[in-house]
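Each chain is listed here by its residues.
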Amino acid sequence: MAGQPASLSGRDVGSFAYITIKDRIPQILTKAIDSLHRHKSKFFEKHGEKGLEAEKKAISLLSKLRNELQTDKPMIPLVEKFADTDIWNQYLDYQQSLLGETDGKARWFFSPWLFVECYMYRRIHEAIIQSPPIDDFDVFKESKDQNFFESQESVIALCTYLQELISTLEVLDENQLKNEFFKFLQISLWGNKCDLSLSGGETSSQKTNIITSLGELQAFILVNDMEHLWALLRPGKETETDSAAAVRVAIVLDNSGFELVTDLVLAHFLLSSRLATEVHFYGKTIPWFVSDTTRRDFTWLVEQAKSSSDKYLSRCGLDWESYLKVGKWVYHDHIFWTLPHEFCAMSQVAPDLYTELQKAHLILFKGDLNYRKLTGDRKWEFTVPFHQALNGFHPAPLCSIRTLKAEIQVGLQPGQGEELAASEPSWLTTGKYGIFQFDGPL
Ligand code: F6P
Ligand code: MG
């Protein structure tokens, strides 16, 4: 787009984008293939010989994909009919139209990283849907579930804290309530460290009690707009005309497993404290960036919580189930979230979703990939205002809650980025730092 910085891309040899395409994505593909291998006997039990044939077919399609990537072959159109196939192929055409000086073919190490990485996950999905009867298999499901089980102690600590707090909420003064709100926001932020894409599909669970670490982690919050969120939601806020009015908070989810638990306890707190009256969650329609939440993951996690032998976790599970039943929590999915488009294109590409998000008083965008899509995954100067990088995307007041896992960050103080780079060259990509970055009412 004219007047905007260039996209991050694998063209920049040695960049995080380059390393991701060269090393991390093939590693993730190999793990996906392994997962199919490991389920061979399950496929046989369920579908007989047809299951075995399908497993072979999916593996050969994924191996071909890995080879295309590693030899930097042109990116090819999708062939299998699915709800978003045409939109994807149009987007591929659009990317090719931008490549005047080359042979006009989009390539893995040449095209924008955001596009390449999304395309890879969409091709994994294509390999699976081309392989019936195992066409609803989620190659990442096992690792997502494992992340939840490995984080059990922290999950229980969080649910215990929440349930005990709820019984005292009525007697908290406004300052105490604000402190608790800030705690749950930070829990949700650091929950974003646990994604399985950064770790190349390797386990990345939360083993320590996150609540006791919040104090020491505070120093790693580079942009902290939590006060703005409080000003929007606090009891007696100026915008409130009727105290019984609905307050809708939208959470655009990221990873399943531990991070999802941190988002659910935040949402639970918002309702119990009456800072919000409804919470709408937005998840992915297909397996995505290894650990992203699909409807199946969401439902699975609520079920796991409900049937836990721990009384606080199971009480949470029961509460979550009833919030969903009565519509205080609503789960939505939409194909837009698994398209390669930047969010500034949403009002054109998915006007229905944009209109839906406009109904929120506040939208929380979880995680790194959402940040990349909010800001267009471009080489912005660190000091460029967030509002500018959003490039007109503003369905409602919004906040990115993200740990840094890609070489992009805007809205920093002059010199802040340079100072960090000098003392810690990998500060942008390890997930050690986090932000609450807000773009308020227009
Ligand atoms: O490690 C980088 C990466 O693969 C990025 O491409 C992506 O932004 C991130 O992982 C996924 O992180 P998150 O789950 O926070 O969106
Ligand atoms: Mg993710």
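Not measured: the values here are computed from a predicted model.

(A) Structural context of the overall build of the chain. Counting secondary structure elements, the chain contains 18 helices and seven strands. For 442 residues, the compact-globule formula gives about 22 Å, and the C-alpha radius of gyration of the chain, at 22 Å, lands near that figure. C-alpha extents for the chain along the principal axes are approximately 65 × 55 × 45 Å. For the chain, with 442 residues in total, the buried portion stands at 45%. The contacts of the chain with a sequence gap of at least 6 include a subset with a gap of at least 24, amounting to 81%.

(B) Region of interest: helix α11 (residues 258-272). When the terminal C-alpha atoms of α11 are compared, their 21 Å separation across 15 residues agrees well with the 21 Å that a helix rising 1.5 Å per residue should span. With respect to burial, α11 is a largely interior element, 13 of its 15 residues being buried. Remark: Arg274 follows α11 within two positions and exhibits a positive phi of approximately 65°.

(C) Representation of the domain arrangement of the chain within the structure. We note that the domain assignment places domain 1 (16-129) and domain 2 (141-439) within the chain. Taking only C-alpha atoms into account, the centre of domain 1 sits 28 Å from that of domain 2. With 19 residues of domain 1 in contact, the opposing surface of domain 2 contributes 17 residues. Contributing elements (two or more residues each) for the side of domain 1 that touches domain 2: α1 (16-38), α4 (85-97) and α5 (113-129). Among the elements that line the side of domain 1 that touches domain 2, the one with the most residues is α5, at eight residues.

(D) Spotlight on the nonpolar core. Membership of the largest hydrophobic core comes to 117 residues, with the highest contact counts inside it found for Leu158, Val249, Ala250, Ile251, Val265, Ile363 and Leu364. Here the element with the most residues in this core is α5; it accounts for eleven residues. Taken domain by domain, the makeup of this core includes at least three residues from each of domain 1 (16-129) and domain 2 (141-439). The contact partners of Leu158, leaving out residues within four places of it in the chain, are Ile187, Ile210, Ile211, Val261, Thr262 and Val265.

(E) Seen up close, the packing of helix α7 (residues 152-166) against helix α13 (residues 311-326). Here α7 crosses α13 at 70°, and the two axes come no closer than 8 Å. The angle between α7 and α13 places the two elements in the roughly perpendicular class. Residues Val155, Ile156, Cys159, Thr160, Leu162 and Gln163 of α7 lie in contact with α13, whose contacting residues are Tyr312, Leu313, Arg315 and Cys316. The residue inventory of the contact of α7 with α13, partitioned by class, reads seven nonpolar, two polar and one charged.

(F) Summary view of the pairing of strand β3 (residues 278-283). Most of β3 sits out of view: six of its six residues are buried. Side chains Glu278, His280 and Tyr282 project from β3 onto one buried face, and the interleaved Val279, Phe281 and Gly283 project onto a second face that is buried too. Direction of pairing for strand β2 (residues 248-252) relative to β3: parallel, over a ladder of five bridges. Residue Val249 lies in a different strand from β3, and its bridge partner there is Val279. As judged from the five bridges shared by β3 and strand β4 (residues 329-333), these two strands associate in the parallel manner. Its bridge partner lying in β4, Phe281 is registered against Tyr331.

What counts, and where the lines are drawn
Residues numbered from 1 in each chain as written. Chains lettered and ligands numbered in written order. Predicted model: local features only at pLDDT ≥ 70, side-chain atom pairs only at ≥ 80, totals over all residues. Helix = DSSP H or I, 4+ residues; strand = E, 2+ residues; numbered from the N terminus. Rg over C-alpha atoms; globule rule 2.2 N^0.38 Å. Buried ≥ 20, exposed ≤ 12 C-beta atoms within 10 Å, placed from the backbone. Contact = placed C-beta atoms within 7 Å. Expected span 1.5 Å × (residues − 1). Domains from an automatic or database assignment. Core = buried A, V, L, I, M, F, W, Y, C linked by C-beta atoms within 7 Å. Axes fitted to C-alpha atoms, helices over the stretch in contact; angles between N-to-C directions. Parallel < 35°, antiparallel > 145°, perpendicular 65-115°, else oblique. Nonpolar A, V, L, I, M, F, W, Y, C, P; charged D, E, K, R; others polar. Pairing = 2+ DSSP bridges.

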